[in-house]
Amino acid sequence: MKPRVIVIVVILALLAGGGWWWSRRGPAEGPLVLQGNVEVRQVNLGFKVAGRIAQLLVDEGDHVVAGQKLAALDKIYFEDTLRQLRAQRDQSAANLAKMIAGNRPEEIAQAEALVSEREATLANMKLTAERAQKLFTTAAGTQKTYDDATMAARQAEAQRESARQALNLMKAGFRKEDIDLARGQLAEREAAIGIAERQLADADLIAPGPGIVLSRVREAGAIVNGGETVFIVSLTTPVWVRTYVSELELGRIKPGQPVDLRLDAPQAKPMMGRIGFISTTAEFTPKTVETRELRTALVYRVRIVADDPDGVLRQGMPVTATVNAAGPDGPRLSESARP
């Protein structure tokens, strides 16, 4: 039994020594090989406004480019609303221009002529009142005739004063507050036209970037609400490869470092990529009591930006990434390459 016990003790010692060596080992030499999967972003496209779909210009499997028109709503209602608002805008602009220019010289001359007419009437009424007074004092006239003549003269004087005040208003023009009110109404009409123009432009569905139509959710003639999905598009750029690197190999990579990408298919061409993002935290939460052996099991998420000019990468496709530790460092990627 003793030789067997000795053998078991030796084996356990060797295992313990191997575990200690594994925990103390440094990073491997040579290229770093990582296994990952393609990650392609998808976007659900829909109109910003509600309406009836008049046109669907692409179908499933079609390639689209940034700025391409994909679909359109029936625009008759948007165009009618825009014409109505523009007519109201023109009316407000004309009203403001009228207030700023003031009254026409012909209108002022007409008011002056009315004042002259009222002054002549007043002069005639005063003469009539004076005759009635003389006749009343000589007992040749009656009290009623005198009173009627006096009241007619007072009425003519009041009408003359009313005409004078109207003439002053015509010369003064419109009040500043009225002009500011008209200017505000015009600005309101301009803002409403801007909203209507944006709604008319939003009646066209535009591709945000290059991609492939994965699904056509609605058909022509359907009535959709704003934000309702019409197409599902897979964006072809940028394309990432998601992979993981162990804690021991983390120091061998850095953002911007070039990477060779290879697919499993034998006829597939090799592609280039660059490290775009390295997670700052471990993917698995360590335990409260952590040993040296446990730390080596931690991995960090890495995102590689792939250069795919032929568009062969698809969502979830397995990819082998080779990072050459001796290769030159590339420039850091922009913030758009980050997740």
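Criteria and thresholds
- Residues numbered from 1 in each chain as written.
- Predicted model: local features only at pLDDT ≥ 70, side-chain atom pairs only at ≥ 80, totals over all residues.
- Heavy atoms only, no water.
- Helix = DSSP H or I, 4+ residues; strand = E, 2+ residues; numbered from the N terminus.
- Expected span 1.5 Å × (residues − 1).
- Buried < 20%, exposed > 50% of the residue type's maximum accessible area, 1.4 Å probe, protein only.
- Phe/Tyr/Trp six-rings, centres within 6.5 Å; stacked < 30°, edge-to-face > 60°.
- Lys NZ or Arg CZ within 6 Å of the ring centre and 35° of its normal.
- Contact = heavy atoms within 4.5 Å.
- Pairing = 2+ DSSP bridges.
- 1 Å grid on protein atoms, 1.4 Å probe; cavity = no way out; pocket = protein on both sides within 12 Å on 5 of 7 lines; lining within 4 Å.
- Points joined across faces, edges and corners; volume = space filled by probe spheres on them.
- Nonpolar A, V, L, I, M, F, W, Y, C, P; charged D, E, K, R; others polar.
- Axes fitted to C-alpha atoms, helices over the stretch in contact; angles between N-to-C directions.
- Parallel < 35°, antiparallel > 145°, perpendicular 65-115°, else oblique.
- Left-handed = near helix turned anticlockwise from the far one by under 90°.
- Salt bridge = Lys/Arg side-chain N within 4 Å of Asp/Glu carboxyl O.
- Core = buried A, V, L, I, M, F, W, Y, C linked by side-chain atoms within 4.5 Å.

Some thoughts on helix 5 (residues 176–201)
In this model helix 5 runs 38 Å from its N-terminal to its C-terminal C-alpha over 26 residues, within 8% of the 38 Å that 1.5 Å per residue would give. Turning to helix 5, its buried residues are Ile179, Ala182, Leu186, Ile193, Gly194 and Ala196.

Focus on the packing of aromatic side chains
Scanning the entire structure with this criterion turns up zero aromatic pairs. The ring of tryptophan 240 carries the charged tip of arginine 303 above its face, separated from the ring centre by 4.7 Å.

Remarks on helix 4 (residues 143–172)
The first and last C-alpha atoms of helix 4 sit 44 Å apart over 30 residues, in line with the 44 Å expected at 1.5 Å per residue. Every buried residue of helix 4 is accounted for by Ala149, Ala153, Ala156, Arg160, Ala163 and Leu167. In this structure, the buried side of helix 4 is in contact with helix 3 (105–137). The first or second residue beyond helix 4 is glycine 173, which carries a positive phi of 80 degrees.

Description of the sheet that holds strand 2 (residues 51–56)
Across the sheet, four strands lie side by side as 5-4-2-7; this open sheet has antiparallel pairing. The sheet terminates laterally at strand 5 (204–206) and strand 7 (223–224), the two strands that pair on one side only. Relative to strand 7, strand 2 is paired through two bridges, and the arrangement is antiparallel. Bridging from a neighbouring strand, glycine 51 pairs with valine 224 of strand 7.

Re the environment of lysine 48
Along the chain, lysine 48 falls in the loop between strand 1 (32–46) and strand 2. Residues lysine 48 and aspartate 202 lie 154 residues apart in sequence; the distance between their C-alpha atoms is 5.9 Å. Leaving out residues up to four positions away in the same chain, lysine 48 has contacts with Asp202 and Gly226.

Some thoughts on the layout of surface pockets
Here the largest pocket defines a volume of roughly 160 Å³. What lines the largest pocket is a set of 13 residues, and nearest its centre among them are Val40, Ile212, Ser234, Leu313 and Arg314. Among the elements of the structure, strand 1, strand 6 (211–216) and strand 8 (229–246) are those that each provide at least two residues to the lining of the largest pocket. In terms of residue count, the dominant contributor to the lining of the largest pocket is strand 8 (four residues). Of the residues contributing to the lining of the largest pocket, the split by class is six nonpolar, five polar and two charged.

With respect to the packing of helix 2 (residues 76–101) against helix 5
Contact geometry for helix 2 and helix 5: axes closest at 9 Å, N-to-C directions at 160 degrees. Comparing their axes, helix 5 and helix 2 come out roughly antiparallel. Along this stretch, helix 2 crosses helix 5, giving a crossing that reads as left-handed. Here the contact of helix 2 with helix 5 is composed, by residue class, of 14 nonpolar, five polar and eight charged.

Some details on the pattern of salt bridges
The full count for this structure, using the stated rule, is 18 salt bridges. Among the salt bridges present, the one from glutamate 39 reaches arginine 303, with a minimum N-O distance of 2.2 Å. In this pair, glutamate 39 sits in strand 1 while arginine 303 sits in strand 11 (residues 299–306), placing the two residues 264 residues apart along the sequence. For the pair glutamate 39 and arginine 303, one class covers both residues: buried. Glutamate 119 is the salt-bridge partner of arginine 164, the closest N and O atoms lying 3.0 Å from each other. Of this pair, arginine 164 sits in helix 4 while glutamate 119 sits in helix 3, and the two are 45 residues apart along the sequence. When salt bridges that share partners are traced, they join Glu39, Arg242 and Arg303 into one network.

Looking at unusual backbone geometry
Between threonine 237 and proline 238 the backbone carries a cis peptide bond, its omega angle lying at -5 degrees. Within the secondary structure layout, proline 238 lies in strand 8.

Observations regarding the nonpolar core
Among the nonpolar cores identified, the biggest contains 22 residues, and Val245, Ile253, Val259, Leu261, Ile304 and Leu313 are the most heavily contacted of them. Breaking this core down by element, the ones donating at least two residues are strand 1, strand 8, strand 9 (258–263), strand 10 (271–278), strand 11 and strand 12 (318–323). Sequence-distant contacts of valine 259, that is, excluding residues within four places in its chain, are made with Met271, Met272, Gly273, Ile275, Ile304, Ala321, Thr322 and Val323. Ranked by size, the runner-up nonpolar core spans 19 residues in total, among them Leu73, Leu205, Val224 and Val230.

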